[in-house]
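A look at the structure
Single-letter residue listing:
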Amino acid sequence: MRVGIIGAGALGTLLAGRLGRVAEVWVFSTHAETIEALRRGGAQVLVDSEEMSTAVQVAGDPTRVPLLDAALVCVKAYETERAAEAARRMLGQEGLATTLQNGLGHFEILAQKVGSSRAVLGVTYLGASWLGPGRVRWAGTGPTYLASRPEIATRLEEMGELLSRAGLEVHLVEDAQGLLWGKLVVNATINPLAALLRVPNGALLESEAARRLLQAAALEAAQVARAAGVRLPYEDPVVHVESVCRATAANYASMLQDVLQRRRTEIQAINGALVRAGERWGVDTPFQRCLLRLVEALESSYTSQVEA
Ligand code: KPL
């Protein structure tokens, strides 16, 4: 099977490193430094203190990639449009493109580009910490869900088997919306809090003060999901978010990684999307709005921040 990974940030590099052991993997990236690092040293994945390097094919131009059986979209939320266009150019007629991104709206953009019959919604709880171009720490072994439907079931099963052989926990499921929102509640809670407090996920459970913030964010996010008519895949949002913090305790949430690198964050696609959904469904979200504004302000103050 020939699999394309679109975007070689933390998640993309981890998937390239794992899948490169069981399939022909093509990584598509537009970052020159990343392309160079992957060509030179392969995708390097650090698990505990053991580092594994996997050779992968790398391309910065979609026309150089042979037609793919599957593509995994792992770019940041604000790069989805460009990644979906790249997927359209690289995907074989029967190929499936799966979004594994955080936030709302990506599946719709992907479906518009590659056609709804070739687009798949995925949700992953994998924890990956970026160590530099082509290098990543596997910091949390959470499950990955792929939303199946009858017309793609056989092809998606193949993809699922491949991901399992690569060492991932994979589930093929039917209720995509519940999963997507289930992850949105997690991201709208852990990501901004970890970024603002500058702590790994597990530390959000270590103080009573942080736990209270976590509870407020998770409950408000779940309230919006319920108002939108979504059935979350868990009973208690706080218990679930806490369990993700435990499962990915050592991980630096992706938003924290962005802030540490002084990069643009995905706050709009996550907490922004949630606040907008709240407005649409008549749920006031003062706490989520506050998190949104704080992270926006943090991003725009990168150049004025002082060091200790
Ligand atoms: O998705 C994540 C992220 O960091 O974006 C979690 C699940 C919170 C893991 O860190």
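Residues numbered from 1 in each chain as written. Predicted model: local features only at pLDDT ≥ 70, side-chain atom pairs only at ≥ 80, totals over all residues. Heavy atoms only, no water.

Points about a negative patch on the surface
A contiguous patch of negative charge, built from Asp69, Glu157, Glu158 and Glu161, is present on the exposed surface. Summarising the element assignment, glutamate 157 is placed in helix 5 (residues 153-165). (Patch = residues over 30% accessible without salt bridge, like charges linked within 9 Å, V, L, I, M, F, W, Y side chains within 5 Å. Areas by Shrake-Rupley, 256 points an atom, 1.4 Å probe, with all protein chains shown as cover. Salt bridge = Lys/Arg side-chain N within 4 Å of Asp/Glu carboxyl O. Lys, Arg positive; Asp, Glu negative; His and termini not counted. Charge placed at Lys NZ, Arg CZ, Asp CG, Glu CD. Helix = DSSP H or I, 4+ residues; strand = E, 2+ residues; numbered from the N terminus.)

Remarks on helix 2 (residues 32-41)
Residues of helix 2 that are buried: Thr34, Ile35, Ala37 and Leu38. All buried residues of helix 2 project into a common sector of 165° when viewed along the axis, lining one side. The exposed residues of helix 2 that point more than 90 degrees off its buried face are Ala32, Glu33, Arg39 and Arg40. Here the buried face of helix 2 lies against strand 2 (24-28), strand 3 (43-47), strand 5 (57-59) and strand 8 (119-132). Directly beyond the C-terminal end of helix 2, a positive phi value near 75° is found at glycine 42. (Buried < 20%, exposed > 50% of the residue type's maximum accessible area, 1.4 Å probe, protein only. Arc of directions from axis to C-beta. Contact = heavy atoms within 4.5 Å.)

A look at the pairing of strand 8
Of all the 14 residues making up strand 8, 13 are buried; the element is thus mostly covered by neighbouring parts of the structure. Note: strand 7 (residues 91-99) against strand 8, three bridges, orientation parallel. Each bridged residue has a counterpart across the sheet, and for threonine 99 the counterpart in strand 8 is leucine 121. Bridge analysis of strand 8 against strand 9 (residues 135-147) gives nine bridges, and the strand direction is antiparallel. Note on strand 9: the bridge partner recorded for leucine 126 is threonine 141. (Pairing = 2+ DSSP bridges.)

Re the site of the ligand
Lining the immediate environment of the ligand, one finds Asn102, Lys183, Asn187, Ile190, Asn191, Asn201, Asn251, Ala253 and Ser254. Contacts to the ligand include asparagine 102, whose side-chain N or O atom sits 2.8 Å from an oxygen atom. Within the side chain of asparagine 251, a nitrogen or oxygen atom sits 2.8 Å from an oxygen atom of the ligand. For the ligand, whose unbound accessible area comes to 280 Å², protein coverage reaches 95%. Considering every element that reaches the shell around the ligand, the biggest residue donor is helix 6 (residues 176-197), with four residues. Class assignment of the residues belonging to the shell around the ligand gives a composition of two nonpolar, six polar and one charged. (Near = heavy atom within 4 Å. Polar contact = N/O pair within 3.5 Å; in protein donor to acceptor, adjacent residues only side chain to side chain. Nonpolar A, V, L, I, M, F, W, Y, C, P; charged D, E, K, R; others polar.)

Focus: unusual backbone geometry
With phi around 50°, aspartate 48 is a residue other than glycine that occupies positive phi space. Mapped onto the elements, aspartate 48 comes out in the loop between strand 3 and strand 4 (50-54). Of note, arginine 198 is a non-glycine position whose phi angle comes to about 60°, a positive value. When you line up the elements, arginine 198 lands in the loop between helix 6 and helix 7 (208-227).

A look at the packing of helix 6 against helix 7
It is the contact of helix 6 with helix 7, at a shortest axis distance of 9 Å, that shows an interaxial angle of 150°. In terms of axis orientation, helix 6 runs roughly antiparallel to helix 7. You can see that helix 6 and helix 7 cross each other, and the crossing is right-handed. Together, Trp181, Val185, Ala188, Thr189, Leu193 and Leu197 of helix 6 and Ala210, Leu213, Leu214, Ala217, Ala218, Ala221, Ala222, Val224 and Ala225 of helix 7 make up the contact between the two elements. (Axes fitted to C-alpha atoms, helices over the stretch in contact; angles between N-to-C directions. Parallel < 35°, antiparallel > 145°, perpendicular 65-115°, else oblique. Left-handed = near helix turned anticlockwise from the far one by under 90°.)

Brief notes about the nonpolar core
Counting 50 residues, the largest nonpolar core has Trp181, Ile190 and Leu214 as the members making the most contacts within it. Secondary-structure elements contributing two or more residues to this core are strand 8, helix 6, helix 7, helix 8 (237-247), helix 9 (254-260), helix 10 (267-281) and helix 11 (286-300). Of the residues forming this core, the biggest block, twelve residues, is contributed by helix 6. Here this core spans two domains, and each of domain 1 (2-175) and domain 2 (178-304) adds at least three residues to it. In this view, tryptophan 181 contacts Leu104, Val224, Ala225, Ala228, Val230, Leu232, Tyr234, Leu274 and Ala277; residues no more than four positions away in its chain are not counted. Counting 38 residues, the second largest nonpolar core, distinct from the first, contains Leu19, Val45, Ala70 and Trp138. (Core = buried A, V, L, I, M, F, W, Y, C linked by side-chain atoms within 4.5 Å. Domains from an automatic or database assignment.)

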